[in-house]
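Each chain, letter by letter, is given below.
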Amino acid sequence: MVRTAEALSAYRALLRATRKSFRGDTLMLNESAVEVRKKFEDNRNVTSDTEIQKLLDDAREASSFISTMIVQAKLSPQGGYVVKPSKDHAGATLEIPSEEILPKST
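Note that the structure is predicted; figures quoted are calculated from it, not measured.

Rules used in this analysis
Residues numbered from 1 in each chain as written. Predicted model: local features only at pLDDT ≥ 70, side-chain atom pairs only at ≥ 80, totals over all residues. Heavy atoms only, no water. Helix = DSSP H or I, 4+ residues; strand = E, 2+ residues; numbered from the N terminus. Buried < 20%, exposed > 50% of the residue type's maximum accessible area, 1.4 Å probe, protein only. Phe/Tyr/Trp six-rings, centres within 6.5 Å; stacked < 30°, edge-to-face > 60°. Salt bridge = Lys/Arg side-chain N within 4 Å of Asp/Glu carboxyl O.

Here methionine 69 is to be found in helix H3 (residues 49–69). You can call methionine 69 partly exposed: its relative accessible area is 49%.

What follows is the structure, given as structure tokens:
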């Protein structure tokens, strides 16, 4: 029963991560939910504790990766794409150097 609760928790965490990362993108939301469900269904009958632990660790790692490494670009009214990482994304606190502080190549 403990493993079932862990699997359900990992499943929900993955779905939350995809909903957050792909908010507003219906296609990606649907496709990612289908893929998450498929992965869990494919492994429903795994009984080895070692394999179950590996699958749970993989699910947690995937959830973390989706939450911190994927940033959905949005189409701007000007026709370009804008990426706005949140504070949760890896590197979100790093400043991108502006043209003024970059050395001029001559």
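Our next topic: the packing of aromatic side chains. As enumerated under the stated definition, the model contains one aromatic pair in all. Ring geometry for tyrosine 11 against phenylalanine 40: centres 5.2 Å apart, planes inclined by 75°, an arrangement best described as edge-to-face. With tyrosine 11 in helix H1 (residues 2–21) and phenylalanine 40 in helix H2 (residues 26–42), this pair connects stretches of sequence that are 29 residues apart. For phenylalanine 40, a relative accessible area of 25% translates into the label partly exposed.

Tallying each qualifying case throughout the model produces eight salt bridges. The partner of lysine 38 in a salt bridge is aspartate 42, with the nearest N and O atoms 2.8 Å apart. Note that lysine 38 and aspartate 42 are positioned in helix H2 at a spacing of four residues, about one turn of the helix. A residue is classified by how much of its surface remains accessible, and lysine 38, at 44% relative accessible area, is partly exposed. With its nearest N and O atoms 2.9 Å apart, the salt bridge here joins aspartate 58 to lysine 54. Of the two residues, aspartate 58 and lysine 54 both sit in helix H3, four residues apart, roughly one turn of that helix.

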